[in-house]
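Read off the chains here:
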Amino acid sequence: MATIDRQTPTLALAHALAAAGRGLPVFPLSATKLPALRSPHRGEQPPAHCRGECGLPGHGVHDATTDPAAVRALFAAAPRATGYGIACGRAPHRLIGIDLDVDPAYGSDAAGALRQLALQHLFTIPPTVTVLTPSGGRHLWLTGPADATVPNSAGRLAPGIDIRGIGGYLVGPGSVTAHGRYRLAPGTAHLTPAPAPRALLRLLTRPHRPPTATRGAALTPTPDRRGEGLIQFVLAAHEGQRNTRLFWAACRAYEHGFGDTLADALTAAAVRTGLPEHEARAAIASAARLTSRRGDEETNGAA
């Protein structure tokens, strides 16, 4: 575990300025990997949809900038920042992050799953910037063309593989969190983010369609109608209970068979309460995995 001391914020700013100098939009992060600046709209009812139009800092990834003076101002307003986030999907690089997690709960190797996808869809991950995470995972940095909008996702491509695209962010190398330091993998520091293979882009941009009802199946209420109460439950969350409420609501949605369809609406509701989008999608993905395992256990007669 990395030591957080008085020099850590200074080093975080230095790393952030170096990244901004390479054209990567950055903003300060706390030791929890969350934006270090609190929203200027916290407590407002109804929750604001501002993405920085108010001119004040505290809008998370929407604060990200490559302007050195603006970066310094953001870190000056967040003196306890221990790291920095890099906004994905933004020009000029239009960064795409492939987050390969290490978690026994997935029951599989994320790096191996990516290799399997590459074999199945006939693409090769080129040499590119790679960041090692404190948990033992890694972030692969790729770039996308202007005509491709890559959404954020958690576990959609394969278990353990999260995607950071437009509206998402990656923790930058040199950042220090409560769990340790993010650092460049040996041999990749001199590289620039490589273009994502076209076959991989097709997988990342392919719309997710929930299963359709079979002919003759009984009609059921629309997922939006069935999920109204769950969405309101998430919207009513206060700071400190946002993740818990979202996870509970997502579990109920997946248990009743419309979790995938309601995922975007639940994410939007959580973001309105101030939860970062990547945290919301991660919580929903965890709920999907948990309910899936419960279903398997019931089917197999496990206690």
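To be clear, the structure that these remarks concern was listed above.
Every chain begins its residue count from 1, and numbering advances along the sequence as written. Note on the predicted model: pLDDT of at least 70 is required for a residue's local features to be given, and 80 or more for side-chain atom pairs to be given and counted; whole-chain, interface and lining totals, by contrast, use all residues. The side-chain numbers reported here are obtained from all heavy atoms of the structure, hydrogens and water having been left aside.

Caption draft 1: How the structure looks around the overall build of the protein. Tallying secondary structure elements over the protein gives 9 helices and 12 strands in all. Only protein chains enter the calculation, and the probe is 1.4 Å; a residue is then buried if its accessible area is under 20% of its type maximum, exposed if over 50%, and partly exposed in between. Buried residues in the protein amount to 43% of all 303 residues. Any two residues whose heavy atoms approach within 4.5 Å are treated as being in contact. Excluding contacts between residues fewer than 6 apart, the proportion of contacts in the protein whose partners are at least 24 apart in sequence is 73%. Accessible surface for the protein amounts to roughly 16,000 Å². Of this, 54% is attributable to carbon and sulfur atoms. We count a stretch as a helix when DSSP gives it H or I for four or more residues in a row; a strand needs E for two or more, and each element gets its number in order from the N terminus. Here the Shrake-Rupley method, with its probe set to 1.4 Å, supplies the accessible areas, and only the displayed protein chains count as covering residues.

Caption draft 2: Here's a closer look at the pairing of strand E7 (residues 161–164). Side chains of E7 alternate between two faces, with Ile-161 and Ile-163 and Asp-162 and Arg-164 buried alike. Note on pairing: two strands pair once DSSP finds at least 2 bridges between them. Summarising the sheet, strand E3 (residues 95–100) and E7 pair through 4 bridges and their orientation is antiparallel. Note that in E7 the partner of Leu-100 across the bridge is Ile-161. Here strand E6 (residues 153–158) runs beside E7; their pairing, made up of 3 bridges, is antiparallel. Within the sheet, the bridge partner assigned to Ser-153 lies in E7 and is Ile-163.

Caption draft 3: Just the pattern of salt bridges, in detail. Salt bridges are defined as contacts in which a side-chain nitrogen from Lys or Arg sits within 4 Å of a carboxyl oxygen from Asp or Glu. Under the defined criterion, the tally for this structure stands at 5 salt bridges. For Arg-281, the salt bridge goes to Asp-264, with nearest N and O atoms at 3.3 Å. Placement of Arg-281 in helix H9 (residues 277–299) and of Asp-264 in helix H8 (residues 259–272) is noted, with a sequence separation of 17 residues between them. Sharing partners across several salt bridges, the network here consists of Asp-264, Glu-277 and Arg-281.

Caption draft 4: Representation of the packing of aromatic side chains in the model. Note on ring pairs: Phe, Tyr and Trp rings are taken, using the six-membered ring of Trp, and paired if centres are within 6.5 Å. Classes follow the plane angle, with under 30 degrees stacked, over 60 edge-to-face and the rest tilted. By the definition in use, this model includes 2 aromatic pairs. Measuring from ring centre to ring centre gives 5.0 Å for Phe-233 and Trp-248, while their planes differ by 45°; the resulting arrangement is tilted. Of this pair, Phe-233 sits in helix H6 (residues 228–235) while Trp-248 is found in helix H7 (residues 242–255), placing the two residues 15 residues apart along the sequence. Residue Phe-233 is classed as partly exposed on the basis of its relative accessible area, which comes to 27%. In this structure, Arg-245 is placed above the aromatic ring of Phe-233, and the distance from its NZ or CZ to the ring centre is 4.2 Å. In this structure, Arg-252 is placed above the aromatic ring of Trp-248, and the distance from its NZ or CZ to the ring centre is 4.9 Å. The rule is short: NZ of Lys or CZ of Arg within 6 Å of the ring centre and within 35 degrees of the ring normal puts a charge over the ring.

Caption draft 5: Here's a closer look at H7. A helix is expected to reach a length of 1.5 Å times the quantity of its residues less one. With 14 residues, H7 ought to run about 20 Å at 1.5 Å a step, and its terminal C-alpha atoms sit 20 Å apart, in line with that. What H7 keeps buried is the set Arg-242, Leu-246, Ala-249, Ala-250, Cys-251, Arg-252, Ala-253 and Tyr-254. Gly-257 sits one or two positions beyond H7 and adopts a positive phi of about 90°.

Caption draft 6: Quick look at the sheet that holds strand E8 (residues 169–171). As summarised here, the arrangement of the 3 strands in space is E1-E2-E8, forming an open sheet in which the pairing is antiparallel. Two strands close off the open sheet at either side, each with one partner strand: strand E1 (26–29) and E8. Each strand axis lies, on average, 35° off the axis of its neighbour in the sheet, ignoring direction. Where E1 lies against strand E2 (residues 83–87), 4 bridges are found, and the strand directions are antiparallel. Looking at the pairing, Leu-29 lines up with Gly-83 of E2. Geometry is summarised by axes, namely lines fitted to C-alpha atoms with helices restricted to the contacting stretch, and by angles between N-to-C directions that run from 0 to 180 degrees. On top of the sheet, helix H1 (residues 8–21) reaches E1 and E2; it is set at about 20° to E2, its chief contact.

Caption draft 7: Quick peek at the environment of Ala-285. Among the secondary structure elements, Ala-285 is positioned in helix H9. Ala-285 sits in the buried class, given a relative accessible area of 8%. Taking the C-alpha atoms as reference points, Ala-285 and Ala-263, 22 residues apart in sequence, are found 8.9 Å from one another.

Caption draft 8: Main features of the packing of H7 against H8. Packing of H7 against H8 brings their axes to within 9 Å, and their N-to-C directions diverge by 165°. By the angle between their directions, the pair H7 and H8 is classed as roughly antiparallel. In the packing of H7 onto H8, the handedness of the crossing is right-handed. In this structure, H7 contributes Leu-246, Ala-249, Ala-250, Ala-253 and Tyr-254 to the contact, and H8 contributes Gly-259, Asp-260, Leu-262, Ala-263, Leu-266 and Ala-270. Each residue is assigned to one class: nonpolar for Ala, Val, Leu, Ile, Met, Phe, Trp, Tyr, Cys and Pro, charged for Asp, Glu, Lys and Arg, and polar for all the others, Gly among them. Taken together, the residues of the contact of H7 with H8 break down into 9 nonpolar, 1 polar and 1 charged. Each angle is binned into one of four classes, with values under 35 degrees roughly parallel, values over 145 roughly antiparallel, values of 65 to 115 roughly perpendicular, and all other values oblique. We call a crossing left-handed when the near helix sits turned anticlockwise from the far one by less than a right angle, and right-handed when that turn is clockwise.

Caption draft 9: Region of the structure containing the nonpolar core. Within the largest apolar cluster, 30 residues are counted, with the highest numbers of intra-cluster contacts made by Val-26, Val-71, Phe-75 and Trp-141. Breaking this core down by element, the ones donating at least two residues are H1, E1, helix H2 (68–77), E2 and E8. Those residues in contact with Val-71, other than ones at most four positions away along the chain, are Leu-13, Ala-16, Leu-17, Ala-20, Val-26 and Thr-65. Buried Ala, Val, Leu, Ile, Met, Phe, Trp, Tyr and Cys residues that are joined via side-chain atoms within 4.5 Å together make up what is termed a nonpolar core. Formed by 23 residues, the second largest nonpolar core is a distinct cluster that contains Ile-96, Leu-117, Leu-157 and Leu-204.

Structural measurements only, silent on function.
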